[in-house]
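# Analysis of the macromolecular model
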Amino acid sequence: MDQKELSSAAEETANIQKAIEKIADNERAELADDSSMPVTLQEEKAKEPSLPANAAGSSDTKVLPELSSAPEASIPPTMAPSENDTPVHRWFFTFMCMNIPIIGWIYLLFLAFSKKYPERKSFARAYLFYKLIFLIVSVLILGVLIYIGLDLLDQLLAYMEML
């Protein structure tokens, strides 16, 4: 590759990186509700040390320019659990109860329509919908298999009478 190709590749890479940073800035701005979290990558770049002038490569080294990846500080910190988050042991109990035949349906109905557990309400409704779809599909398949099986059973009995 000659110098022009290297510089055009570096420009394209820089343009792509700027576009990604712009998308990340927009998403961060939407998610930012804490004033201590930096809103833009430009603020973070101002904090990070600059690269030496020769870091982008020169004509005698013929090295592709190194992209500076977004610093680790640009990754939003993990959200700390809030007071209304359900602890893991309660979710474990929920999964254990909802997988018990018949009792699981009753427990999910209780969660779906209770006001006591609002954080699990939409999950219970979605899982009830999921279970209902699979129940209907399995009943239809069972019905088809019984219909086919009864027909085959009639043919078998008719054959046995001929013997």
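Above this text sits the structure in question.
What comes next is a walk through the structure. (Residues numbered from 1 in each chain as written. Predicted model: local features only at pLDDT ≥ 70, side-chain atom pairs only at ≥ 80, totals over all residues. Heavy atoms only, no water.)

Structurally, threonine 94 can be placed in helix α3 (residues 88-98). Between the alpha carbons of threonine 94 and leucine 108 there is a distance of 8.6 Å; along the sequence they are 14 residues apart. Each residue touching threonine 94, except ones within four places of it in the same chain, is listed here: Tyr107, Leu111, Arg120 and Phe123. (Helix = DSSP H or I, 4+ residues; strand = E, 2+ residues; numbered from the N terminus. Contact = heavy atoms within 4.5 Å.)

One finds Cys97, Met98, Tyr107, Leu108, Leu111, Ala112, Ala124, Tyr127 and Leu128 forming the largest nonpolar core, which totals 9 residues. Mapped by element, the contributors of at least two residues to this core are α3, α4 (103-113) and α5 (118-162). Of all the elements, α4 adds the most residues to this core, at 4 residues. Among residues more than four places away in sequence, those in contact with cysteine 97 are Ile103, Gly104 and Tyr107. (Core = buried A, V, L, I, M, F, W, Y, C linked by side-chain atoms within 4.5 Å. Buried < 20%, exposed > 50% of the residue type's maximum accessible area, 1.4 Å probe, protein only.)

Attention now moves to the packing of α4 against α5. Contact geometry for α4 and α5: axes closest at 7 Å, N-to-C directions at 140°. Taken together, the axes of α4 and α5 lie oblique to each other. Crossing angle aside, the handedness with which α4 passes α5 is left-handed. Judged by residue contacts, Trp105, Tyr107, Leu108, Leu109, Leu111, Ala112 and Phe113 of α4 engage Arg120, Lys121, Ala124, Arg125, Tyr127, Leu128, Lys131, Leu132 and Leu135 from α5. (Axes fitted to C-alpha atoms, helices over the stretch in contact; angles between N-to-C directions. Parallel < 35°, antiparallel > 145°, perpendicular 65-115°, else oblique. Left-handed = near helix turned anticlockwise from the far one by under 90°.)

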